[in-house]
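A structural walkthrough
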Amino acid sequence: MSSAITSSKTRSMHGLVFASSVGTIIEWYDFFLYGCLAIFFAQMFYPPGNGTAATLISVATFATGFAVRPLGSLVFGHFGDRFGRKITFLTTLLIMGCSTAAIGALPDFKTAGYVAPVLLITLRIIQGLALGGEYGGAATYVAEHAPPTERGKWASYIQAMASGGFVLALGIVLGLRLGLGEESFTAWGWRLPFLFSIVLVGVSFRIRLRLHESPVFLEMKENQQVSSSPIRDAFTIPGNARRILTFLFGVACAQAVTFYTAQFYALYFLESVLKVAFLPATLAVAAGALCGLPFFVIFGRLSDSIGRKPLALTGMAAAAVLYLPLFMVLKSCVHDDGIDALPIATIVFALVVIAALIYGPYGAFIVETFPAAVRYTSISIPYHIGNGIFGGFLPLISLSLVSRTGNVFAGLLYPAAICIIGFFVTLFFVPETLPSAVNGEKRRGISLSHETLSTATTQTAE
């Protein structure tokens, strides 16, 4: 009988994770499309004449979408804790899809002059606001349904979908450029992956619409424990502001820079710094990222056994020690007569595995850190400041360091330094959360039931 119940719960979790993950991968696909084409957009949406300046401005536009994510996290975190997880991440999905499709309809610089980049930046801001509400909703929703002893495994699928969205965006852009040819892709083909977002969002919306509200939120609503002011409460619940800050400067910042070093900076390093052509650079990065994708789930599952913190610390240490030698090997793979694609893909794979060490356990780690009444808000703030500011500006900061110093490896100083800081903050100030999920389900006054992460009221104490 218990075997049948366990099997039924597993099937239910598979369906729930699938529905949540489909929306997440599409939102990340939408957001990352610009990142895949940032170098290309430098020629389309900005004044001609100075290629380096146009590239930096285009990368800065990419960063703009990240800069507003913390604001989105506050707005949608409030709605998620106040009105429910489900309705909030349905709303962010629609906003993201519409703004992405609108990018596909924009005029370029030749047609509209400076109106074109202004419109592009505006839509990137809207995308960033929407994405600011996505992760907190999806991670909270899945974790609040997951059995406590498998929370790392199930929550890790949400992290994997971020990388999956990047691979999907790269794959579609690559397929269109090869299928249409450069001339047609430059003329009109670049619009198709953005317009295609409408179809993807429509399918995902229907799937997510069938989901039920989180049982934890329903319990809080029934017991009249829903916070009336989640943003205020997130900073006034005793100890919660400190948890937000330590998690931000510990795990969140390191997760952000390792993820964006693996996914985007490796691509920009090949294209912009080493001057590798789009096709071989994209193929190599996409292959490495795709091979590394399962490790987000592998490390999430492993964290259910050995803890969240040891894996995160290992990833930070690996980044600080290995980034320079890995990028030196990456540079050695580029020759005047071409590139060594397989070694490049292997290096990208290694970079993704380093990121997965931190990001795989991340969903369970951050959800278990905060009380249910303000969980959506509390999760979203460090995640989106970390990714929106420290991660989103990584390509711009790193490429600027390369440009200023003339040293192709100077850009690695930034992510390595962030990982060193994150390592020591996490080591000394961020507590392990796994024992709270396995032994009695109580830690620091945060209530956690057997079936789900349960209600923690606004009176939660340190």
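Structural data are supplied above this passage.
So, here is what we can say about the structure in this document. Note that the coordinates shown come from a computational prediction; the quantities given were computed from them, not determined experimentally. (Residues numbered from 1 in each chain as written. Predicted model: local features only at pLDDT ≥ 70, side-chain atom pairs only at ≥ 80, totals over all residues. Heavy atoms only, no water.)

Some remarks on the overall build of the protein
A count of helical and extended segments in the protein gives 22 helices and four strands. By residue count, 60% of the 462 residues in the protein fall in the buried class. When the accessible surface of the protein is summed, it comes to about 16600 Å², and 69% of that surface belongs to carbon and sulfur atoms. (Helix = DSSP H or I, 4+ residues; strand = E, 2+ residues; numbered from the N terminus. Buried < 20%, exposed > 50% of the residue type's maximum accessible area, 1.4 Å probe, protein only. Areas by Shrake-Rupley, 256 points an atom, 1.4 Å probe, with all protein chains shown as cover.)

Some remarks on the packing of aromatic side chains
Per the counting criterion, the structure on display carries 27 aromatic pairs. Consider the rings of F247 and F370, whose centres lie 6.4 Å apart with planes at 65 degrees: the pair is edge-to-face. You can see F247 sitting in helix α13 (residues 240–273) and its partner F370 sitting in the loop between α18 (362–369) and α19 (375–391), a full 123 residues away along the chain. Accessibility classification places F247 together with F370 in one group, the buried group. Judged by centre distance (6.0 Å) and plane angle (15 degrees), the rings of Y260 and F264 are stacked. (Phe/Tyr/Trp six-rings, centres within 6.5 Å; stacked < 30°, edge-to-face > 60°.)

Examining the packing of helix α3 (residues 69–83) against helix α4 (residues 85–103)
Across the interface, α3 lies against α4 with an axial gap of 7 Å and an inter-helix angle of 145 degrees. Contact residues: F76, F79, G80, D81 and F83 in α3; R85, I87, T88, T91, T92 and I95 in α4. Class assignment of the residues belonging to the contact of α3 with α4 gives a composition of five nonpolar, four polar and two charged. (Axes fitted to C-alpha atoms, helices over the stretch in contact; angles between N-to-C directions. Contact = heavy atoms within 4.5 Å. Nonpolar A, V, L, I, M, F, W, Y, C, P; charged D, E, K, R; others polar.)

A look at unusual backbone geometry
For residues that are not glycine, phi is negative in most cases, and the peptide bond is trans in most cases. For K275, which is not a glycine, the phi torsion comes out positive at approximately 60 degrees. Relative to the helices and strands, K275 is located in the loop between α13 and α14 (278–292). Under the relative-accessibility criterion, K275 is labelled exposed at 65%.

Comments concerning a nonpolar patch on the surface
The grouping of L71, V75, F79, F83 and I87 at the surface amounts to a nonpolar patch, some 450 Å² of accessible area in total. The dominant element in the nonpolar patch, judged by the number of residues it contributes, is α3, at four residues. With respect to the secondary-structure elements, L71 resides in helix α3. (Patch = residues over 30% accessible without salt bridge, like charges linked within 9 Å, V, L, I, M, F, W, Y side chains within 5 Å. Salt bridge = Lys/Arg side-chain N within 4 Å of Asp/Glu carboxyl O.)

Let's talk about the pattern of salt bridges
Within the structure shown, the criterion is met by six salt bridges. Members of the salt-bridge network, linked through shared partners, are R151, D304, R308 and E368.

Side note on the environment of K331
Secondary-structure assignment places K331 in helix α16 (residues 308–332). Considered as a pair, K331 and L270 are 61 residues apart in the sequence and their alpha carbons are 8.1 Å apart. Residues in contact with K331, not counting those within four places in the same chain, are L274, V408 and F409.

Overview of the packing of α14 against helix α17 (residues 341–359)
Across the interface, α14 lies against α17 with an axial gap of 7 Å and an inter-helix angle of 40 degrees. The angle between the axes of α14 and α17 places the two elements in the oblique class. Read as a crossing pair, α14 and α17 show a hand that is right-handed. Residues A284, V285, A287, G288, A289, C291 and G292 of α14 lie in contact with α17, whose contacting residues are A341, I344, A345, V348, F349 and V352. For the contact of α14 with α17, the residue count by class is 11 nonpolar, two polar and no charged. (Parallel < 35°, antiparallel > 145°, perpendicular 65-115°, else oblique. Left-handed = near helix turned anticlockwise from the far one by under 90°.)

Let's talk about the nonpolar core
Counting residues in hydrophobic clusters, the biggest one holds 135 residues, and the most contacted among them are F41, F45, Y135, F247, Y359 and Y362. At 19 residues, α13 tops the list of elements feeding residues into this core. Among all residues touching F247, those that are not within four sequence positions of it are A252, Y362, F365, I366, T369, F370 and V430. (Core = buried A, V, L, I, M, F, W, Y, C linked by side-chain atoms within 4.5 Å.)

Side note on the side chain of T377
As for its position among the elements, T377 is in helix α19. The exposure class assigned to T377 is buried, which follows from its relative accessible area of 0%. Polar contacts involving the side chain of T377 include one to the side chain of D81, which spans 2.7 Å. The residues contacting T377, other than those within four sequence positions of it, are G77, H78, D81, P230, I231 and A234. (Polar contact = N/O pair within 3.5 Å; in protein donor to acceptor, adjacent residues only side chain to side chain.)

Some words on the layout of surface pockets
Leftover empty space is mapped by rolling, across the atoms, a probe with the size of a water molecule. Considered as a void within the structure, the largest pocket measures approximately 440 Å³ in volume. Forming the walls of the largest pocket are 21 residues, and the residues nearest its centre are I39, T55, E271, S272 and K275. With six residues, helix α1 (residues 2–44) is the largest single contributor of residues to the lining of the largest pocket. Taken together, the residues of the lining of the largest pocket sort by class into 12 nonpolar, six polar and three charged. (1 Å grid on protein atoms, 1.4 Å probe; cavity = no way out; pocket = protein on both sides within 12 Å on 5 of 7 lines; lining within 4 Å. Points joined across faces, edges and corners; volume = space filled by probe spheres on them.)

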